[in-house]
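Read off the chains here:
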Amino acid sequence: MTRQKIDSLRKELHRHNYNYYVLNNPTISDVEFDAKMRQLQALEEKYPEYSDSASPTQRVGSDITTSFNQVDHQYPMLSLANTYSEGEVTDFYQRVQKALNEDFELVCELKYDGTSISLIYENGVLIRAVTRGDGVKGDDVTNNVKTIRSIPLQLQGNYPSKFEIRGEILMPWAVFDEINKEREAQEEPLFANPRNAGSGTLKLQNSSTVAARKLDSFLYSLLGENLPFTTHFDSLLAAKSWGFKISDAVRVCKSIDDVFGFIRLWDIERKNLPVATDGIVIKVNDFAQQKLLGNTAKSPRWAIAYKYQAEKAITRLNSVSYQVGRTGAVTPVANLDPVLLSGTTVKRASLHNADIIASLDLHIGDMVYVEKGGEIIPKITAVATDQRFMLGDKVYFIKKCPECGSELVRYEGEAAHYCPNENACPPQIKGRIEHFVSRRAMNIEGLGSETIHLLYENGLLKDIADIYTLKVPDLARLERLGNKSAQNIKLSCEKSKLISFERVIFALGIRFVGETVAKKLANAFKNINALENADYDLLVQIDEIGDRIAQSVISYFSDEKNREIVNRLKQYGLQMSLSEEQLQEKTDLLEGKIIVISGSFRHYSRDEYKNMIEQHGGKNAGSVSSKTSFILAGENMGPEKLRKAQSLGVQLVEEEVFLKLIRKEKGSDNVQMKTLF
Ligand code: IVH
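Numbers given for residues are sequential positions, taken from 1 along each chain in its written order. Note on the predicted model: pLDDT of at least 70 is required for a residue's local features to be given, and 80 or more for side-chain atom pairs to be given and counted; whole-chain, interface and lining totals, by contrast, use all residues. With hydrogens and water stripped out, all remaining heavy atoms of the structure feed into the side-chain values.

Novice: How should I be thinking about the overall build of the protein chain in this particular structure?
Specialist: Counting secondary structure elements, the protein chain contains 26 helices and 21 strands. For the radius of gyration, the atoms used are the C-alpha atoms, and the globule rule reads 2.2 Å times the number of residues raised to 0.38. Its C-alpha atoms give the protein chain a radius of gyration of 29 Å, within 12% of the compact-globule value 26 Å for 677 residues. The dimensions of the protein chain, computed from C-alpha atoms along their principal axes, are 90 × 85 × 45 Å. Each residue is placed in one exposure class: buried if its accessible area under a 1.4 Å probe, protein chains only, is under 20% of its type's maximum, exposed if it is over 50%, and partly exposed if it falls in between. With 677 residues in all, the protein chain has 47% of them scored as buried. Residues are treated as being in contact if the distance between any of their heavy atoms lies within 4.5 Å. Intrachain contacts of the protein chain at a sequence separation of at least 6 include 68% that bridge at least 24 residues. Lys and Arg are tallied as positive, Asp and Glu as negative. Neither His nor the chain termini are counted. Positions of charges follow a simple convention, taking NZ of Lys, CZ of Arg, CG of Asp or CD of Glu. Counting 86 positive and 90 negative side-chain charges, the protein chain places the centres of these two groups 1 Å from one another. Numbering goes from the N terminus for both helices and strands, where a helix is a DSSP run of H or I of at least four residues and a strand is a run of E of at least two.

What follows is the structure in structure tokens.
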């Protein structure tokens, strides 16, 4: 009965997922969908014996970090010959015509600008997802790929028992814009384009962050032994019927004119797509003909990619200005005569850093090429020297901070220049305050950048600790702030005193200490005193904390001014240690252990076991390798994992034994445990 209910919920949710993410045509409301998902989650938690890695609940990701295993591709992942010239497309057509010497069809598709992925399905279930890597072997990113809603975990219809399908993982423009906005607010380096953002996301260690980034996919190539199709086009139609997201922009072309028609149509239409494309791919349709044409060492002879030119415009450089951020990094910005580029008016373009300025040999008044390829921020790619009639002043990167006049510094190995005057350079101070109050840090509402600027100008806010000394009447006197808003700000400041220790660490704005590192520091040191006094050796012992972060933490706390600020924050009552609850839960019992979970369990769900491992300082990994310390083995463990464990001599630990071990119960010191620790 329960089993049937679980199965039917899974089926139903798979179907709704497909309707929503692949067909773009939902048939139930989000609220109804969520309710069903919660119902399934509750049942799966209660009956872990029915757990299934292909369940729709597995898409949410987990907080557990996994390291990626390298996996060999069954068929090498080749690349495509590229061209920007229509003439070369005609050459390709003629080459194929000559080599085949019979009728042939071509299939035209969009060239999606993302990260290529290989997906392996067995008996209708996604079992592995591997990146391209070097073409011969790639990273096993299955856990992350499972969070992508348009990739089916369970197929429908009449699919072969074993096959591979390849395609592209993409970050939609809308998600990319949103993430970059957030990164800008946090002064983190922006992603240059959705491709980089998407491939970075796919390599994240934490699959719940991957899930939150809403990646999408298009599949375009089916591989396997004895597949029941003779043409590429038919294989795509079949893959579509099994639930894969296959583009509608796929055409069978019978002549070279048809191909050029497709190229021209999509040069315009692709700009309306929600994801990035950078060209079209032309493939010989018939599999037998593909085989006849064969491959070169790098790419198939039966396909070619025609790439669209990045959009360019030419305009005048009027001046270069410099912005100083919270970390003191100085960004050069080109101010341009407004020019229309890909539908938007561009007035400013990033010049990135001193090296780029020097390599462009820029002079004020120059006509410059501005490009917006797959990138959101336009960049200057060259100077039109043939249009240089008068030579303006040469652009040299500034030597002094435009805000406070300090001599700029450039750290070894970094492209950026920094203003080192952390404690007195206004944009750095204001930037740090903005970061401190931001939503993911102390979440203090009502203190926008303009209010912070006013408070700073009026001498009411000189550092982050001053926030807690602000008084309602002082706030209410400010331009545009009434009594009510002033009271709300004060209330929000008071509320922020309950924000957890890890977020307080993040809020301090220590260089290179983002949310994840802050969490690691909080868990490792447990309170601020220990963190303040941590030395280099202690810091680099922590997982994922290397030289750069360790140096930065030490340098932050060796500054008297910072220590004083932290002291004041302590006095004002901020959370400066892990809560009692957090402290009780954490142990280092599994410190340094890499544990794989496999099979189904009686007492707790897999996710609960994953949490337990992390709570006790261990690491959960998705697949068995020589680094695996042991396998937490439930019933019906996957045969592949079992084989691998046996061949590597990795021990299996039963659920009950594991529970005894972490509860430090009697009997946990049995022989098996002794061999593990
Ligand atoms: S077919 C043998 N079709 O472009 C290569 N590739 O430059 C078969 N790509 O690595 C690839 N859209 O990541 C193919 N419709 C499409 C594509 C596509 C994007 C990417 C793919 C490949 C790269 C080659």
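Novice: Mind showing me how you'd approach the sheet that holds strand β2 (residues 82-83) here?
Specialist: The strands that make up a sheet pair up through hydrogen bonds in the backbone, lying either parallel or antiparallel. Strand pairing is assigned whenever DSSP detects at least two bridges linking the two strands. Taking strand neighbours across the sheet as the criterion, the five strands line up as β2-β11-β10-β3-β9 in an open arrangement whose pairing is mixed. Since the sheet does not close on itself, it has two edges, and those belong to β2 and β9 (250-253), each with one partner. The pairing of β2 with strand β11 (residues 303-307) spans two bridges and is parallel. The partner of Thr-83 across the bridge, within β11, is Tyr-306. Interaxial angles span 0 to 180 degrees and are taken between N-to-C directions of axes, which are lines fitted to C-alpha atoms, for helices over the stretch in contact. Each of β3 (106-112), β9 and β10 (277-284) touches helix α8 (residues 232-241); the most contacted strand, β3, lies at about 55° to it.

Novice: Can you walk me through the site of the ligand in this structure?
Specialist: Only heavy atoms are used to decide nearness, and a residue is near a molecule or strand if one of them lies within 4 Å of it. Surveying the vicinity of the ligand reveals the residues Leu-78, Leu-80, Glu-109, Leu-110, Lys-111, Tyr-112, Ser-116, Glu-168, Tyr-220, Val-281, Lys-283 and Pro-300. Between the ligand and the protein, one listed contact pairs an oxygen atom with a side-chain N or O atom of Glu-168 at 2.8 Å. In protein, a polar contact means a hydrogen-donor-capable atom and an acceptor-capable atom, both N or O and within 3.5 Å, with residues adjacent in sequence counting only if both atoms are side-chain atoms; elsewhere, any N or O pair within 3.5 Å suffices. In the environment of the ligand, an oxygen atom lies 3.1 Å from a nitrogen or oxygen atom belonging to the side chain of Tyr-220. Elements with a contribution of two residues or more to the shell around the ligand: β3 and β10. Considering each element in turn, the shell around the ligand owes the most residues, four residues, to β3.

Novice: Explanation requested: unusual backbone geometry in the structure shown.
Specialist: Glycine aside, residues mostly have negative phi, and peptide bonds are mostly found in the trans state. Even without a glycine there, the phi angle at Asn-101 is positive, about 55°. By the element assignment, Asn-101 lies in the loop between α3 (86-100) and β3. Its relative accessible area of 69% is what places Asn-101 among the exposed residues. The phi angle at Asn-443 is positive, at roughly 50°, despite the residue not being glycine. Along the chain, the position of Asn-443 falls in the loop between α12 (426-437) and α13 (449-457).

Novice: Any chance you could explain the pairing of strand β14 (residues 344-350) here in plain terms?
Specialist: Sheet analysis places strand β13 (residues 329-341) next to β14, joined by six bridges and oriented antiparallel. Residue Asn-335 lies in a different strand from β14, and its bridge partner there is Arg-348. Taking the residues between adjacent antiparallel strands as the criterion, β13 and β14 are bridged by two residues, where Ser-342 takes a positive phi near 45°.

Novice: In this structure, what is going on with the packing of aromatic side chains? I would like to understand it.
Specialist: For any pair of aromatic rings, the description rests on two quantities: the centre-to-centre distance and the angle between the ring planes. Paired rings are identified among Phe, Tyr and Trp, the last through its six-membered ring, by centres lying within 6.5 Å, and are further divided according to the angle between planes into stacked (under 30 degrees), edge-to-face (over 60) and tilted (the rest). For the coordinates displayed, the defined rule picks out 20 aromatic pairs. Centre to centre, the rings of Tyr-609 and Phe-658 are 5.9 Å apart; their planes meet at 75°, and the pair counts as edge-to-face. With Tyr-609 in helix α23 (residues 606-615) and Phe-658 in helix α25 (residues 655-662), this pair connects stretches of sequence that are 49 residues apart. Like Phe-658, Tyr-609 is buried. Centre to centre, the rings of Phe-630 and Phe-658 are 6.4 Å apart; their planes meet at 55°, and the pair counts as tilted. A residue pair is termed long-range when its members are at least 10 positions apart, and Phe-630 in strand β20 (residues 630-633) and Phe-658 in helix α25 qualify at 28 residues. Phe-630 sits in the buried class, given a relative accessible area of 0%. Should the NZ of a Lys or the CZ of an Arg lie within 6 Å of a ring centre and within 35 degrees of the ring normal, that charge is described as sitting over the ring. Here the basic side chain of Lys-245 rests over the ring of Phe-218, its NZ or CZ set 5.3 Å away from the ring centre. Sitting over the face of the ring of Tyr-369, Lys-312 holds its NZ or CZ atom 5.9 Å from the ring centroid.

Novice: Is there a simple way to explain α23 in this structure?
Specialist: Since there are 3.6 residues in each turn of an α-helix, residues three or four apart along the chain are aligned in direction. Within the sequence span of α23, burial applies to Tyr-609, Lys-610, Met-612 and Ile-613. Angular distribution of buried residues about the axis of α23 spans 160°; they occupy a single face of the element. Of the residues one or two after α23, Gly-617 is the one with positive phi, at around 85°. Comment: arc refers to directions from the helix axis out to C-beta atoms.

Novice: Help me understand the pairing of strand β18 (residues 594-598), please; the structure alone is not making it clear to me.
Specialist: Along any regular strand, the residues point their side chains to alternate faces of the sheet. Counting buried positions along β18 yields four of five residues, so the element is predominantly enclosed. Two strands pair when backbone bridges link them, and β18 and strand β19 (residues 619-621) are joined in this way by three bridges, in the parallel orientation. The residue bridging Ile-595 from the neighbouring strand is Asn-620, located in β19. Call a crossover right-handed when, viewed with both strands pointing away from you, the route from the first strand across the helix to the second goes clockwise. What joins β18 to β19 is α23, and the crossover it makes is right-handed. As paired strands, β18 and β20 are joined by four bridges and run parallel to one another. From the neighbouring strand, Val-596 faces β20, where its bridge partner is Ile-631.

Novice: I tried to follow the sheet that holds β18 on my own but got confused; where do I start?
Specialist: Taken in spatial order, the four strands line up as β19-β18-β20-β21 in an open sheet, and their pairing is parallel. Each edge of the open sheet is held by one strand with a lone partner, namely β19 and β21 (651-654). Direction aside, neighbouring strands of the sheet carry axes that sit 40° apart on average. Sheet strands in contact with α25 are β20 and β21, and its direction is about 80° off that of β21.

Novice: How should the nonpolar core be read in this particular structure?
Specialist: General note: in soluble globular proteins, nonpolar side chains tend to be found buried as a group. By size, the foremost hydrophobic cluster in this structure holds 55 residues, and its most contacted members are Phe-436, Leu-521 and Leu-569. Those elements that provide at least two residues to this core are α12, α13, α15 (483-495), α16 (501-507), α17 (515-525), α18 (528-532), α20 (547-557) and α21 (560-572). Residues in contact with Phe-436, not counting those within four places in the same chain, are Ala-441, Met-442, Asn-443, Ile-464, Ile-467, Tyr-468, Ala-507, Leu-569 and Leu-574. Formed by 36 residues, the second largest nonpolar core is a distinct cluster that contains Leu-126, Phe-176, Phe-229 and Trp-242. To define a nonpolar core, start from buried Ala, Val, Leu, Ile, Met, Phe, Trp, Tyr and Cys residues and group those joined through side-chain atoms within 4.5 Å.

Novice: I would appreciate a short explanation of the side chain of Thr-57 in the present structure.
Specialist: Topologically, Thr-57 is positioned in the loop between α2 (30-46) and β1 (70-72). The class for Thr-57 is buried, based on a relative accessible area of 6%. Polar side-chain contacts of Thr-57 include one of 2.6 Å to the side chain of Glu-44. Only 2.9 Å separates the side chain of Thr-57 from the side chain of Ser-55, close enough to count as a polar contact.

Novice: Teacher, can you tell me more about the packing of α3 against helix α9 (residues 256-269) here?
Specialist: A packed helix pair is summarised by two numbers, namely the angle formed by the two axes and the spacing between the axes. Packing of α3 against α9 leaves a shortest axis separation of 11 Å and a crossing angle of 145°. In this structure, the crossing between α3 and α9 has a hand that is right-handed. Residue-level inspection shows Glu-86, Val-89, Thr-90 and Tyr-93 of α3 in contact with α9, the latter providing Ile-256, Val-259, Phe-260, Ile-263 and Arg-264. Classifying every residue of the contact of α3 with α9 by side-chain character gives six nonpolar, one polar and two charged. By convention the crossing between two helices is left-handed if the near helix lies anticlockwise of the far one by an angle smaller than a right angle, and right-handed if it lies clockwise. Just so you know the grouping, Ala, Val, Leu, Ile, Met, Phe, Trp, Tyr, Cys and Pro go in nonpolar, Asp, Glu, Lys and Arg go in charged, and all remaining residues, Gly too, go in polar.

Novice: Just to check I follow, could you spell out the pattern of salt bridges for this structure?
Specialist: Pairing is possible between side chains of opposite charge, provided their charged atoms come close. When a carboxyl oxygen of Asp or Glu is within 4 Å of a side-chain nitrogen of Lys or Arg, the pair counts as a salt bridge. One pass over the full model with this rule turns up 34 salt bridges. In this structure, Glu-109 engages Lys-283 in a salt bridge whose closest nitrogen and oxygen atoms are separated by 2.9 Å. Highlighted residues: Glu-109 in strand β3 and Lys-283 in strand β10, separated in sequence by 174 residues. Among the residues examined, Glu-109 registers a relative accessible area of 4% and is labelled buried. On the accessibility criterion, Lys-283 (8% relative accessible area) is buried.

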